[in-house]
Structures are given as structure tokens and as C-alpha cells.
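Fold and contact review
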Amino acid sequence: MAAKSLTKFERPSRGTLREWTAGYLFASPFIIGFLVFTAFPMVYSIWLAFHRWDLITPPRFIGFDNFIRMFKDPLANLSLYNSGYYTLFAVPIQLVISFVLALALTQNIKFRDLYRAGFYLPIIVPLVASAVVWQRVFHPEFGILNEILGWFGIQPLSWLFKPELAKPAFILMSFWMIGRQMVIFIAGLGNIPETLYEAASLDGAGALTRLFKITIPMMTPLIFYNMIIAIVNSFQTFIPALIMTDGGPENATLFAVLNIYRQGFNYFNMGYASALAWELFVIIVGFTIAQFYISQRWVFYED
Amino acid sequence: MATRSPAISSVRSVTRQPLISPVWSRRIGLILLQILMTVILISFLVPTLWMISSSLKVSREVFAHPIVWIPESPQWRNYLKIFEVLPFGKFAWNTVVVTGLAVLGTVVSSLTVGYAFSRLRWPGRRFFFALMIATMMLPEVITLIPRFLVFRWLGWIDTFLPLIVPYWAGASALYIFLVHQFFRGLPMELEEAALIDGANRVQILTQILIPLSKPVIATVAVFALIQHYNSFLEPLIYLNGMDKWTLALGIRAINDSNVQNWELVFAAGTLMLAPVLALFIVAQRYFVQGIAMTGFGGR
């Protein structure tokens, strides 16, 4: 093959050339959009991270100052801790809840479509509307959560007003928005061949054995997929906090992107905000790559 | 212990002839599961139902103990009041314009780019396709600041352009991927025959492929519609003047300015939810299809 292509370079025919042109033309929205709105901004962001720029005076090169400042900045470190805490607790529980709901919805019960629609509904509620509602769900005096907890004799808690309860409150709220993961799991459960279960039943495997020996191993690729997406999203969560607590109380819900947003759009530290964004970017991408390596030990792919 | 041993032995003795037949124990299990799922369903719906119900309350009922679930006389006036507090009519119109143009751009660019990736051969196709997949995984935070500066340099701040133009330029890799997957499933003979008949590529796309692709177009349109209608961060960053605001910004504003009037905030939230809820009910199968096909969707 190599020898052939070395000795004889075939001029593409007219039809081929026309197909090439058509390919580039039809793909051009993506190619141009990628260059202008993704590739260039990323390169620009590296440049920004080495400059100080308040949008008023011209940008000034300051070397690694933004990065040095970033590692010393207690708020920046706290914001990473907050996002890490949120991700660490929210993601595993979200996966368990959505998986269990998906399992339940593949059993032979009535109104499955209704349940599925109901569990998915929170995803389509505008995030800003969800935030203002949940802000009030958590209200210590008039909120619906304390009212319901009161039925079980639990004293009212001041969720969003106590630093030690604010992050758990956001984690609790995130369990409300697991519809997408659940639907993915339902689709995956439907693709497990029935013959596997039949064979296992003939061998006398009980329901639990079938769950742990067939269902869960067959679902590991989707569990992994949902986990990666959930981690990437959780590390970047901040809009509910922006609306509901504005990062408070005592910065307990100052999540990483909220800190970057403030540095950029409230304090106009464009360079510093870019450096912070790169720090978070490296953390997220690093986490993702690490997960891919770890996944080789537990994710089971057919063939 | 001694008192319990007969009980245990009696349980053992019935294993051959169980008190409850397996069929019945399975049936009882399913009934319990049904009850449990109903309880969970209600807990998932409660925040939304509470918002809708409270949007029709008088202030006294909003802050009543125990909670008033159904307002005594529905206060439809609350919905009129929010239009007096803030120009929600203007916000709604802006939302329609931005969402409409962004969705249109998403659909058009997903179709053309998806066509190029799935049915045309050109050098670099695999490279750009891999690049597109990579942008789906890219943490968005990295472009937050520099993209703003690009739009600022273009003079697009406080216009709708940053909310629309990127979506005409294939910013939604996910939807391109979806169209690509769908087009790949259609037989190549379709366009070979058309090419021999002298049709050009635009004609093949618009007259042969698109008419066959209504389900995937509907899925893309429904997801993109929800995404842009619900979008909060982009309007927040790019739209300053209130005459440019979308509904999402209006809700934040009414939330900040009406600390005492929960019923107005809830009315605004319900008002914004109503169209997407209607769409969800009508087009539910496209949601489910879309998520099953791509694993993403919504927001």
C-alpha cells in the first residue's frame, strides 16, 4: 500500500474534489464555530492567565503572579473544597437513587410511564424557577421541607442559613434532578438480553444473585458514563448557589465556578479569573482521565 | 431462646409448603413497590405543585401553619400583578426571539454538519469529528471568561447575538452527533441514485434526507428549545439593560425584589414553566428517545 501511494499519486477526480468541497462547506459552521468560539477562546484564556486586566487599563503581563495568588487565596481554595465536597457526596448518591428508580421502573408495575415522566419532570423546570422554589422549600419557618419533617417530629432546621447545612441542602436538591441519569439507566436495562436471566434462573440463581451477577456487571458501562457526566457537571455547579444563597452563609456555598464568575464579572479580574478557570479545568480533566484508568478495573464491556 | 426455637422449626417445616405461595409473595412485593414508587413520585412532584398552588394564594395563606395545600379562592390576580412589577411581557417576547433563532440555528447547523460527517468523504473528516466529540466533554468553565471578551471585542454585549450566533455555528456538538447517528443509518443508495439523476448536495439534503429525518429533527428541536428557553447564565452575562432581559432574568429580579411576596415569585415561576410543561406533555416521546440515543438532553 505504502509503495503504491509513493510511486503513484492519484489526482483526485472531479467528482471526488466536488465531494471534498461539499464536505468542507457543509461542515464549515462547526469548523468556524469551533475556531472562533472554542479554540481561540482557550488559547486567549492562557494568554489572559498571565496578565492583569480590569477591562479599563490595558492588560499588563505579570508572569506567574495570578497562579501564585491562586494557590494562596483562601477563598479560591475554599471554593474548590466546596465543589469537591458537593461532588463527592452528590454524585454517588445520585447514581444509587437513579439506578434503583430505573430498576423499579423495569419491574412489572402499573403506570410506569407516569412515574418516569414524573421523575424526569424536574429536569425541564427552568433552573432559575427551581432555584427560587427550593430557596423557599428550605425556608426555616415557612418552607415545605421543615413542615414535612415536622410530621415526623423533627425540629425545624435553618438549611440555607447554617454553614454546616447549606452544602447538604444543595446536595439534597440535586437528588431531585436525576431524571436524565434514570432514563439512561432504563434504556440500558432494556438492552440486557433476556436469555441471560433465563439461563441464570435455570441454574437456580435468586433475584439478588441475578442483580449482582448479571444486571450490575452489564450496566457498568452506563454507570461509568453517568458518573463521568455527573462529576464534570457537579464540579461546575453554581447557578442554584448564585440565586439561592449568593455563596453564603460564610462562603459555605461559594462553589468554584461561582468564585470564578465573581472574579470575572463582579471584580473584573479577567486574568485572575482565567487562571482560576484553568485550575478547575485541570482538576476536572485530571479526574476524568483518572476515572478512565480506574474504570478498566471495574467496567465490563461485552466483546 | 427456648421460646423461639419452636417458631424457627415451624418456619423450617413450611419451606416445602409455604404459607404464602411464591406467586402471592411476588404479587405482594409488586404492590409494595407500587406504593413506594407512588410516595417517591409525590415527593418529586411536591416542589413543583407547591409552586403552582402557592402562585394562586393570598399572602396570608403562603405563610400559614399548617401549610395550605389548596388556596381557598385562587388569586389569578397574582399573574396580572407580576406584569405590573416588571415588564414580563417584554421578557417573554425577548425569550421567544432568542429561543426561536437559537433553535433554528441549532437545527440547521446540526443538519448540515451532521450531513458532512455522516455521508460525505473529505480529508480531515475524522479529525474534525473527533474534535467535535471532544468539545462535548469539554468543561464549559474554560471558555466562560474568554468568550465574554471575544463578544465584547465584537461589540455584541447587550445584544441577543451571543445567545444566537454560536448556535448557528454548530456550537451544539451533541445535536450534530445525534443527526450524524441518524443519517448514518439511512442507506447510501438514496443519494447515489439522486446524484446520477443530477441532483446537487443541497437538494439531496433538503429533498431526500430531511423528509426522512423528522423524528431526529423533532428531538433536536425539543431539546434545543428547552435548553435555550431555560438558559440563565448566558443572558445573565451578556444582557445588561432590562429591555433585553429574558424570562429567566425576570424571575431572578422578581425574586430579589419581592422578598415578602412569595406568591408573585411563584406566579412568575409557574408562568415560565407553563410552556415547557405543555411541550413536555405533548412531546414526551422525543425526550425519552433523545436521551436514550445520546445520553444527554435538556438544559
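Residues numbered from 1 in each chain as written. Chains lettered and ligands numbered in written order. Predicted model: local features only at pLDDT ≥ 70, side-chain atom pairs only at ≥ 80, totals over all residues.

1. Let's talk about the overall build of chain A
Counted only if it meets this: Strands are runs of DSSP state E lasting at least 2 residues, helices are runs of H or I lasting at least 4, and numbering of each runs from the N terminus. In this setup the radius of gyration rests on C-alpha atoms only. A globule is expected at 2.2 Å times the number of residues raised to 0.38. The burial criterion counts other C-beta atoms lying within 10 Å of a residue's C-beta, which is placed from the backbone; the residue is buried at 20 or more, exposed at 12 or fewer, and partly exposed between these limits. Any two residues are considered in contact once their C-beta atoms, placed from the backbone, lie within 7 Å.
Each helix and strand in chain A was counted, giving 14 helices and two strands. Scaling as 2.2 N^0.38, a compact globule of 303 residues should have a C-alpha radius of gyration of about 19 Å, whereas chain A reaches 25 Å, well beyond that. Dimensions of chain A along its principal axes, counting C-alpha atoms only, are 80 × 65 × 35 Å. Counting only residues that meet the buried cut, chain A has 41% of its 303 residues in that class. Long-range contacts, defined here as pairs at least 24 residues apart, represent 68% of the contacts in chain A between residues at least 6 apart.

2. Section: the overall build of chain B
Helix and strand content of chain B: 16 helices and zero strands. Every one of the 299 residues in chain B was classed for burial, and the buried ones make up 41%. Excluding contacts between residues fewer than 6 apart, the proportion of contacts in chain B whose partners are at least 24 apart in sequence is 75%.

3. Some details on unusual backbone geometry
Most peptide bonds take the trans form, and the phi angle of most residues other than glycine is negative. Backbone torsion omega between Gly248(A) and Pro249(A) reads -15 degrees, so that peptide bond is classified as cis. As for its placement among the helices and strands, Pro249(A) is situated in the loop between α12 (239-244) and α13 (256-266). Omega for the peptide link from His65(B) to Pro66(B) comes to -10 degrees, which places this bond in the cis form. Its place among the elements puts Pro66(B) in the loop between α3 (59-62) and α4 (77-85). Phi at Glu250(A) is positive, roughly 50 degrees, even though this residue is not glycine. Locating Glu250(A) in the fold gives a position in the loop between α12 and α13. Residue Glu250(A) is classed as exposed on the basis of its C-beta count, with 12 C-beta atoms lying within 10 Å. Of note in the backbone geometry, Asp158(B) takes a positive phi value of approximately 65 degrees without being a glycine. Inspection of the secondary structure puts Asp158(B) in the loop between α7 (141-154) and α8 (161-168). Looking at Asp158(B), the number of C-beta atoms within 10 Å reads 13, which means it is partly exposed.

4. Some points on the environment of Val137(A)
For Val137(A), the position within the fold is in helix α6 (residues 127-137). The exposure class assigned to Val137(A) is buried, which follows from the 26 C-beta atoms found within 10 Å. The sequence separation of Val137(A) and Met173(A) amounts to 36 residues, and the corresponding C-alpha distance is 9.7 Å. With sequence-adjacent residues up to four places away left out, Val137(A) is seen in contact with Gly143(A), Ile144(A), Leu145(A) and Pro47(B).

5. Remarks on the interface of chain B and chain A
Put simply, the rule is: Here the term charged refers only to Asp, Glu, Lys and Arg, the term nonpolar to Ala, Val, Leu, Ile, Met, Phe, Trp, Tyr, Cys and Pro, and the term polar to all other amino acids, Gly among them.
The interface is formed by 73 residues belonging to chain B together with 70 residues belonging to chain A. Counting residues per element, the side of chain B that touches chain A draws most heavily on helix α2 (residues 22-54) of chain B, at 12 residues. The class makeup of the residues in the side of chain B that touches chain A is 52 nonpolar, 14 polar and seven charged.

6. Remarks on the nonpolar core
Defined as follows: Put simply, a nonpolar core is a cluster of buried Ala, Val, Leu, Ile, Met, Phe, Trp, Tyr and Cys residues tied together by C-beta atoms within 7 Å.
By size, the foremost hydrophobic cluster in this structure holds 154 residues, and its most contacted members are Ile260(A), Ala277(A) and Ala268(B). Not counting the four nearest positions on each side in its chain, Ala268(B) is found in contact with Ile82(B), Phe88(B), Gly250(B), Ile251(B) and Ile254(B).

7. So, the packing of helix α10 (residues 194-202) of chain A against helix α11 (residues 207-235) of chain A
Each pair of packed helices can be summarised by the angle the axes make with each other and by the distance between the axes. All names here are of chain A. The following threshold applies: Every axis in this analysis is a line fitted to C-alpha atoms, fitted for helices over the stretch in contact. Angles between the N-to-C directions lie between 0 and 180 degrees. Helix crossings are classified by the rotation of the near helix relative to the far one: an anticlockwise turn of less than a right angle makes the crossing left-handed, while a clockwise turn makes it right-handed.
Where α10 meets α11, the closest approach of the two axes is 11 Å, and the angle between their N-to-C directions is 145 degrees. Judged by the twist between their axes, the crossing of α10 over α11 is right-handed. Residue-level contacts link Leu-196, Tyr-197 and Ala-200 of α10 to Arg-210, Lys-213 and Ile-214 of α11. Taken together, the residues that form the contact of α10 with α11 break down as four nonpolar, no polar and two charged.

8. As for the packing of helix α5 (residues 88-119) of chain B against α8(B)
Residue and element names in this part refer to chain B. Put simply, the test is: Any angle that falls under 35 degrees is termed roughly parallel, while one over 145 is termed roughly antiparallel, one within 65 to 115 roughly perpendicular, and all others oblique.
Orientation of α5 relative to α8, taken along the N-to-C sense of each, is 15 degrees, at an axis distance of 7 Å. As judged from the angle between their axes, α5 and α8 are roughly parallel. As α5 packs across α8, the resulting crossing turns out to be left-handed. On α8, the residues that touch Val-98, Leu-101, Ala-102, Gly-105, Thr-106, Val-108 and Ser-109 of α5 are Leu-163, Ile-164, Tyr-167 and Trp-168.

9. A closer look at the confidence of the model for chain B
Low pLDDT marks regions whose predicted coordinates should not be analysed in detail. Residue and element names in this part refer to chain B. So the rule is basically this: Confidence scores here are pLDDT values: one per residue, from the predictor, ranging 0 to 100.
Across chain B, the average pLDDT comes to 87, with 90% of residues at 70 or higher. pLDDT under 50 marks residues 1-15. Its contacts with residues more than four places away, or in other chains, come to one contact. The ipTM for the predicted assembly is 0.89, set against a pTM of 0.89.

10. Describing α8(B)
Across the eight residues of α8(B), six count as buried, placing the element largely inside the fold. Packed against the buried residues of α8(B) are α2 (14-49) of chain A together with α5, α7 and α13 (233-238) of chain B.

11. Looking at the environment of Val108(B)
Considering the arrangement of structural elements, one finds Val108(B) in helix α5. When the C-alpha atoms of Val108(B) and Tyr167(B) are compared, they prove to be 9.3 Å apart, with 59 residues separating the residues in sequence.

12. Description of the confidence of the model for chain A
Averaged over chain A, the pLDDT score is 91; the fraction of residues at 70 or greater is 96%. For residues 1-5 of chain A, every residue scores under 50 in pLDDT, and the model assigns this stretch zero contacts once sequence neighbours within four places are set aside.

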